[in-house]
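Structure at a glance
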Amino acid sequence: MNVLLWILQVALALLYLAGGSYKTFKFDELANHMRALSRGAWRVLGVLEMMGAVLLVVPAATMWMPVLTPLAAAALALETLGLAGLYARYSLKLAATNPLVWAVAMGLLAAFVAYGRYAVRPLA
């Protein structure tokens, strides 16, 4: 179970880092597809995702405040599932190009990591 959680943590960290940097630095491309949030709101979400990506791996790997890992995973799960609700207002089409599909999958995996790191096999 620990190996699975580490694989998911690293994969989610890379995905959230990429998504967060896209939301923060490529706003013009994002605004063409989704105008539901302002530029500042997208940047805040992007910074939150990038910080969460770092907190998914670094505290657990260094054993410095490992309780931050499940907290970061839970925060990312809530943020991503909330964003999925926003995406659902625009499209419920089940396709790989729909951000709703990716948001739901990443949110559920982040929730699984939060549960796994906190309840099933705590780091401390």
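This text gives an overview of the structure that appears in the document. (Residues numbered from 1 in each chain as written. Predicted model: local features only at pLDDT ≥ 70, side-chain atom pairs only at ≥ 80, totals over all residues. Heavy atoms only, no water.)

Bringing the overall build of the protein into the picture now. Tallying secondary structure elements over the protein gives five helices and zero strands in all. Looking at the 124 residues of the protein, the share that counts as buried comes to 39%. Counted over contacts in the protein with a minimum sequence separation of 6, partners at least 24 positions apart contribute 65%. (Helix = DSSP H or I, 4+ residues; strand = E, 2+ residues; numbered from the N terminus. Buried < 20%, exposed > 50% of the residue type's maximum accessible area, 1.4 Å probe, protein only. Contact = heavy atoms within 4.5 Å.)

Further remarks concern the packing of helix 1 (residues 2-25) against helix 3 (residues 39-62). When two helices pack together, their arrangement is given by the angle between their axes and by how far apart the axes lie. Axis separation between helix 1 and helix 3 bottoms out at 7 Å; the angle between their running directions is 155°. It follows that helix 1 is roughly antiparallel to helix 3 by the angle criterion. The handedness of the crossing between helix 1 and helix 3 comes out as left-handed. Taken together, the residues that form the contact of helix 1 with helix 3 break down as 16 nonpolar, six polar and three charged. (Axes fitted to C-alpha atoms, helices over the stretch in contact; angles between N-to-C directions. Parallel < 35°, antiparallel > 145°, perpendicular 65-115°, else oblique. Left-handed = near helix turned anticlockwise from the far one by under 90°. Nonpolar A, V, L, I, M, F, W, Y, C, P; charged D, E, K, R; others polar.)

This brings us to the nonpolar core. If you look at the biggest cluster of nonpolar residues, it comprises 14 residues, and the most contacted ones within it are L12, Y16, L56, A73, L76, A110 and V113. When residues of this core are traced back to their parent elements, those giving at least two are helix 1, helix 3, helix 4 (68-88) and helix 5 (99-120). Sequence-distant contacts of A73, that is, excluding residues within four places in its chain, are made with L56, A110, V113 and A114. Listed in part, the 11 residues of the second largest apolar core include F27, M34, L83 and A103. (Core = buried A, V, L, I, M, F, W, Y, C linked by side-chain atoms within 4.5 Å.)

Its boundaries defined by the atoms lining it, the largest pocket holds a volume of some 600 Å³. Along the walls of the largest pocket sit 22 residues, with K23, L30, Y87, N98 and P99 positioned nearest its centre. Only helix 1, helix 2 (27-33), helix 4 and helix 5 provide two or more residues apiece to the lining of the largest pocket. Of the residues forming the lining of the largest pocket, the biggest block, six residues, is contributed by helix 1. (1 Å grid on protein atoms, 1.4 Å probe; cavity = no way out; pocket = protein on both sides within 12 Å on 5 of 7 lines; lining within 4 Å. Points joined across faces, edges and corners; volume = space filled by probe spheres on them.)

Fair warning: the whole summary comes from geometry, so function is off the table for now.
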